[in-house]
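Geometric and topological summary
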Amino acid sequence: MMHTADLLKVFAEHRGDAIVISGRGGRHWINLSDTVLDVPLGDPAMGGHAGFGLGLALAQPNRRVVLFDSEGDILMSMGQLATIAEQAPANFYHFVLDNEVYATTGGQPVPNSKNIDYAGIARSCGYPRAANYADLESFGRDLPAILRQPGPAFISCKVWPEVENTPIGQRVRWRKRNSDKVVQDLRGALGQ
Amino acid sequence: MADQSAALSPETVMRQMKSNRVTDIVWLPDSETNWLFLLMQSDPDLRLVGVTREGHACSITAGLYAGGRKPMILIQNTGMMESGDSIRGWLMGLNVPVVLMVGYRGYTRHGVNSDTAATYTERFLMAFNISFYLVENDGDADRITTAFQEAEKTRKPVVVLVGDEYHGFNR
């Protein structure tokens, strides 16, 4: 298992000028980068980040689009993987932070979480490249090659859960911009 | 004088899409879209993104909009209702100015409605405070442009209800 913060630090070294949708890694990624090409949306509605990443990748084919999704979101909207594979955006890199639990609601287990092969699901849906990682060393070793090859690539990473037991209304807000500003900042940066 | 034909033709819908500069159709087939699909598929300037569940269209549309495209969603009323939280979070929450063209399965102007999909469609839209326009034939086509204009002005999703099932879009 990896710590999400460590995984993101490794990725940051290879980020280049990619658009990064930080998803479930948002609270750590914001300490590494918070530019107009960073898209910390929080959680508009579960299950949708993969679709948002696809839409952005299709709209901006000349830019790499990197998403840090979660296994809970993937399970809620597995059909998105078929749509993504059909559209086959070569600029889309779909990372999944798999902590095996619903951390936001107190750490309850995701059904059958220890037995699901997410890379296998993605591959079966048509992703040309998919892999599972459970340790930082292998992930760091392979990451440059993953990002050099065209996507869509699906990279599932086992990470330690960071369970939140504080009531939602009492949690420390880590985002510095609201979602509307995040989207409008991105559109401005893309010349829209 | 406005066209009062009894049907809504797929050509009319295509003209409205083109005149409103739609770039992408994010869709899941329904009872309305039969022949319209063939027209859309043959247009090299339109990208079709097929989804497996209607709620997925909301987040994909949000991403396309964030990246500078002008998508339109094409789904059935049943799927729209299934998508409630996605509409809330990805379209309304992110202020995405999108038109959803929604097949109004079960709608009838005459007699008594027997399909609960139709019974709850407008109630759903009113509960979400989503503006909507009913289009039943070619004479109503301008309402589609009105929907696009309202979406742009308000930066909110606007629905066009297609009340011409198994008729206008089919031949």
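All of the points below concern the structure found in this document.

Reading the values: the criteria
- Residues numbered from 1 in each chain as written.
- Chains lettered and ligands numbered in written order.
- Predicted model: local features only at pLDDT ≥ 70, side-chain atom pairs only at ≥ 80, totals over all residues.
- Heavy atoms only, no water.
- Contact = heavy atoms within 4.5 Å.
- Buried area = accessible area lost by both parts, 1.4 Å probe.
- Salt bridge = Lys/Arg side-chain N within 4 Å of Asp/Glu carboxyl O.
- Polar contact = N/O pair within 3.5 Å; in protein donor to acceptor, adjacent residues only side chain to side chain.
- Buried < 20%, exposed > 50% of the residue type's maximum accessible area, 1.4 Å probe, protein only.
- Helix = DSSP H or I, 4+ residues; strand = E, 2+ residues; numbered from the N terminus.
- Axes fitted to C-alpha atoms, helices over the stretch in contact; angles between N-to-C directions.
- Parallel < 35°, antiparallel > 145°, perpendicular 65-115°, else oblique.
- Left-handed = near helix turned anticlockwise from the far one by under 90°.
- Nonpolar A, V, L, I, M, F, W, Y, C, P; charged D, E, K, R; others polar.
- Pairing = 2+ DSSP bridges.
- Phe/Tyr/Trp six-rings, centres within 6.5 Å; stacked < 30°, edge-to-face > 60°.
- Lys NZ or Arg CZ within 6 Å of the ring centre and 35° of its normal.

A few words on the interface of chain A and chain B. On the side of chain B, 25 residues touch chain A, which itself brings 28 residues to the contact. Summed over both partners, the interface of chain A with chain B buries about 2100 Å², with 59% contributed by carbon and sulfur atoms. Looking only at chain A, the three residues that lose the most surface to chain B are A:Pro44, A:Phe52 and A:Arg187, adding up to 22% of its buried area. Applying the counting criterion to the chain A and chain B interface returns 1 salt bridge. The partner of B:Arg155 in a salt bridge is A:Asp180, with the nearest N and O atoms 2.5 Å apart. For the pair chain A and chain B, the interface holds 14 residue pairs in polar contact (both at pLDDT 80 or more).

Evaluation of the coordinates by the stated rule reveals 22 salt bridges over all chains. Of the charged contacts, one joins A:Arg171 and A:Glu164 as a salt bridge, the two residues approaching to 3.7 Å between their closest N and O atoms. Accessibility assignment for this pair places A:Arg171 and A:Glu164 in one class, buried. Across the pair B:Arg109 and B:Glu136 runs a salt bridge whose closest N-O atoms are separated by 2.3 Å. Of the two residues, B:Arg109 is situated in the loop between β4 (99-103) and α6 (116-127) and B:Glu136 in the loop between β5 (132-135) and α7 (142-154); the sequence distance between them amounts to 27 residues. A residue is classified by how much of its surface remains accessible, and B:Arg109, at 55% relative accessible area, is exposed. Linked through salt bridges whose partners overlap, the residues forming this network are A:Asp34, A:Arg177, A:Lys181 and A:Asp185.

Let us look at the packing of helix α5 (residues 79-87) of chain A against helix α6 (residues 118-125) of chain A. Residue and element names in this part refer to chain A. As a packed pair, α5 and α6 sit with axes 8 Å apart at the nearest point and diverge in direction by 50°. Relative to α6, the element α5 lies oblique. Between α5 and α6 lies a crossing of right-handed hand. Across the interface between the two elements, Leu81, Ala82 and Ala85 from α5 touch Ile121, Ala122 and Cys125 from α6. Partitioning the contact of α5 with α6 into residue classes produces 6 nonpolar, no polar and no charged.

Moving on to the pairing of strand β3 (residues 71-76) of chain B. Residue and element names in this part refer to chain B. With 6 of 6 residues buried, β3 is to be regarded as a mostly interior element. Both strand β1 (residues 24-27) and β3 contribute to a ladder of 4 bridges, which runs parallel. Within β3, the residue paired with valine 26 across the bridge is isoleucine 73. Across 5 bridges, the pairing between β3 and β4 is parallel. Bridge pairing in β4 places glutamine 76 opposite glycine 103.

All names here are of chain B. Locating aspartate 43 in the fold gives a position in the loop between α2 (34-41) and β2 (47-50). On a C-alpha basis, the gap between aspartate 43 and methionine 14 in space is 9.6 Å, while along the polypeptide they are 29 residues apart. In contact with aspartate 43, not counting residues within four places along its chain, are Met14 and Lys18. A polar contact is formed between the side chain of aspartate 43 and the backbone nitrogen of aspartate 45, at a distance of 2.8 Å.

Here the focus is the packing of aromatic side chains. In the structure shown here, the tally under the stated rule is 11 aromatic pairs over all chains. Ring centres 4.7 Å apart and planes at 25° place the aromatic pair B:Tyr104 and B:Tyr107 in the stacked group. Take B:Tyr104 and B:Tyr107: they sit in the same class, and that class is buried. Three or more aromatic residues joined by ring pairs form one cluster here, namely A:Phe11, A:Trp29, A:Phe68, A:Phe95, A:Tyr133 and A:Phe139. A cation over an aromatic ring shows up here: B:Arg123 above the ring of B:Tyr120, its NZ or CZ 5.4 Å from the ring centre.

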